[in-house]
Amino acid sequence: MLLIDLARTSAAVAADSARLAKIRHLAELLGRVEPDEAEIAIAYLSGELPQRAIGVGWAGLQDPPDPRLAATATLRQVNGLLDQIKAQVGPGSQAARKALITELFSAATRQEQTFLARLLRSELRQGALDGVMIEAIAKAAEVPVAEVRRALTLRGWLPAVGAAALNGGVEALRAFHLEVGRPVSPMLAQSATSVAAALGKIGGLAAVEWKLDGVRIQVHRSGETVTVFTRTLDDITAQVPEVVEAVGALSSQDLVLDGEVIALRPDGRPEPFQITSGRVSSRADVAGAREKTPLSVFFFDALRVDGADLLELPGESRHAALTGVVPAELVTPRLVTGETATAEEFYKDAVRGGHEGVVVKSPQAPYAAGRRGAGWIKVKPRHTLDLVVLAAEWGHGRREGRLSNLHLGARDPLTGGFVMLGKTFKGLTDELLAWQTERLLELSDGPADSWTVTVRPELVVEVAFDGVQQSSRYAGGMALRFARVLRYRSDKSAEQADTVETVRALML
DNA sequence: TTCCGACAGTGGGGTCGCAAT
DNA sequence: ATTGCGACCCCACTATCGGAA
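Keep in mind the model is a prediction, meaning the values are calculated, not measured. Per-chain numbering applies: the sequence of each chain, read as written, is numbered from 1 onward. Think of it this way: whatever chain is written first is A, whatever ligand is written first is 1, and the rest follow in order. Two thresholds apply to this predicted model, a pLDDT of at least 70 for residue-level local features and 80 or more for giving and counting side-chain atom pairs, whereas whole-chain, interface and lining totals are computed over all residues. Excluded from the side-chain calculations are hydrogens and water; all other atoms, namely the structure's heavy atoms, are used.

Caption draft 1: Spotlight on the protein's contact with DNA strand C. Surrounding DNA strand C, one finds 32 residues, the nearest of these being Gly55, Lys211, Thr230, Thr232 and Arg484. When atoms of DNA strand C within 4 Å of the protein are sorted by moiety, sugar and phosphate together comprise 90%. Under this definition, polar contacts are N or O atom pairs within 3.5 Å; protein pairs additionally need one hydrogen-donor-capable and one acceptor-capable atom, and for neighbouring residues in sequence, both atoms have to be side-chain atoms. At 3.3 Å, a backbone N or O of Ala59 approaches a phosphate oxygen of DNA strand C. Measuring from a phosphate oxygen of DNA strand C, one finds a backbone N or O atom of Arg216 at 2.8 Å. Taken together, the elements giving at least two residues each to the surface near DNA strand C come down to helix 2 (19-30) and strand 3 (215-222). Class assignment of the residues belonging to the surface near DNA strand C gives a composition of 11 nonpolar, 9 polar and 12 charged. The cutoff for a nearby residue is simple: one of its non-hydrogen atoms must lie within 4 Å of the molecule or strand. For the purposes of this entry, the term helix denotes a DSSP run of H or I that reaches at least four residues, the term strand denotes a run of E that reaches at least two, and both are numbered from the N terminus. Think of it as three bins: nonpolar holds Ala, Val, Leu, Ile, Met, Phe, Trp, Tyr, Cys and Pro, charged holds Asp, Glu, Lys and Arg, and polar takes everything else, Gly as well.

Following this line, the structure appears as structure tokens:
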């Protein structure tokens, strides 16, 4: 199959807003792909690379060569070049990758170049990724969608599942099963604004668990071999020997567990997320890092215990299996209750202990691998501040032509100026985007550069955020975590905005 | 007919490893 | 030694489609 076939399909998918039409376009293409190219086609058209990451990003794609006129590149050729690009390491690799990118783009037409650039930047922008591709695969292979979803749950990588469906039908899909050593996409949680709201969504009895501010892990054990995966299924076994030892010490030889690693201080309170994150991603001198910043591990779910797959079982049964093989000190603190007051007290305890909040879980829900299931609902406290807009950046994609990303500042009473605390683009409706674009252009005091408009500091915006973290990026040494806009405060002037002292007090 | 679940898109701060300067 | 880039850790929120109610 030719690359141009994919580029054309992608353009057609982008041009139709209806999901069913997108599915038709994708299924039509999958219906004529050759068996040995199915994996490549599915990967590209769902916005990922079979190589996963190849070391080329936004900067590496600047100044593409002139496109050619005839479309002759095949999927096999393109994918072979991507393999070569990924294989470049060591001194001179940047130039070597650049040369291969030039070779790749020189062999592409204009439409193919556009498709490749979007694919390599992970910005396909065709309104279809895995979710739509699953349906397209089912349609093209003439198998039930549920069969594709089930196989994906167990295999974790859609191109492999899709190729099996196209080439082997339902039987090939049914051959997928949970394998120790091969990670499963972790189940994710929805959010609620309060414990009461979360309990309301679950209805009746619920399990309430501490939400620890660490790194999600999935641990597999087969005999003496323990492997640790992250949320995106990366293998971090070498960075977390504490986890390997803890699971290796359990009596059960055959396990798949879901949990969190976190750096705790000697008094048991959590370190800031930055500390845990740094420790987990640090590959050099793990033993030394471990001395300084030991990791603790807590498990909250079990997907497999001693040969039994538990994914389909209710949450309570999985948790019973977990506590059957893991000692209490390695299990995330948890309470089962139907009482709102009891659950709220537990939540307050967690927050007082320095933790993120809680996850409220349905005792009945199965493990919805790879999905944001309604069976898990997280609740976290929310801080708010009234901050001043210092500048705004032009948006991309559907926000093109709109001022989108706001630079947020707190008042500094000492200087009479403002200290930047970060940016946010979240929480804005289309209506608000239109309004702020107009208003900010009125307040503009000239563009700082081609994508940022600086403004007179007059507009006050109420911002919600999860916490304040240390920052080397901003002059005040602080940055907001997960800032989002709640509303503009047209009733307030900049002199009434919150001050840096208020923010600094939140960091302690 | 209305409601709501699932998905895609739009980007945020921080940290590490690596290659280039 | 420092800098820039890519990848990945944490992530919130809105708009939209189409099936469920």
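The rest of the description comes next.
Caption draft 2: Quick peek at the protein's contact with DNA strand B. In the neighbourhood of DNA strand B, 41 residues make up the surrounding shell, with Gly90, His396, Asn405, Phe425 and Tyr474 lying closest. The sugar and phosphate moieties of DNA strand B supply 88% of its atoms located within 4 Å of the protein. Here a phosphate oxygen of DNA strand B and a backbone polar atom of Gly90 are 2.4 Å apart. With respect to DNA strand B, the side chain of Arg149 contributes an N or O atom lying 3.3 Å from a phosphate oxygen. Of the residues belonging to the surface near DNA strand B, the class tally is 10 nonpolar, 21 polar and 10 charged.

Caption draft 3: Structural detail: helix 6 (residues 110-120). Partly exposed residues are those whose accessible area sits between 20% and 50% of the maximum for their type, while under 20% is buried and over 50% is exposed, using a 1.4 Å probe and protein chains only. Of all the residues in helix 6, the buried ones are Glu112, Gln113, Phe115, Leu116, Ala117, Leu119 and Leu120. At the C-terminal side of helix 6, Ser122 shows a positive phi close to 60 degrees.

Caption draft 4: Region of interest: the packing of helix 3 (residues 38-45) against helix 9 (residues 158-174). For every element, the axis is a line fit to its C-alpha atoms; helices are fit only across the contacting stretch, and the angle between N-to-C directions ranges from 0 to 180 degrees. Contact geometry for helix 3 and helix 9: axes closest at 8 Å, N-to-C directions at 130 degrees. Considering the angle they form, helix 3 stands oblique to helix 9. For the pair helix 3 and helix 9, the crossing hand works out as right-handed. In this structure, helix 3 contributes Ala38, Glu39, Ile42 and Ala43 to the contact, and helix 9 contributes Leu158, Pro159, Ala160, Gly162, Ala163 and Leu166. Grouping the constituent residues of the contact of helix 3 with helix 9 by class yields 8 nonpolar, 1 polar and 1 charged. Here the angle decides the label: under 35 degrees means roughly parallel, over 145 means roughly antiparallel, 65 to 115 means roughly perpendicular, and every other value means oblique. The handedness criterion is simple: a crossing whose near helix is rotated anticlockwise from the far helix by less than a right angle is left-handed, and one whose near helix is rotated clockwise is right-handed. The criterion used for residue contact is that any of the two residues' heavy atoms lie within 4.5 Å.

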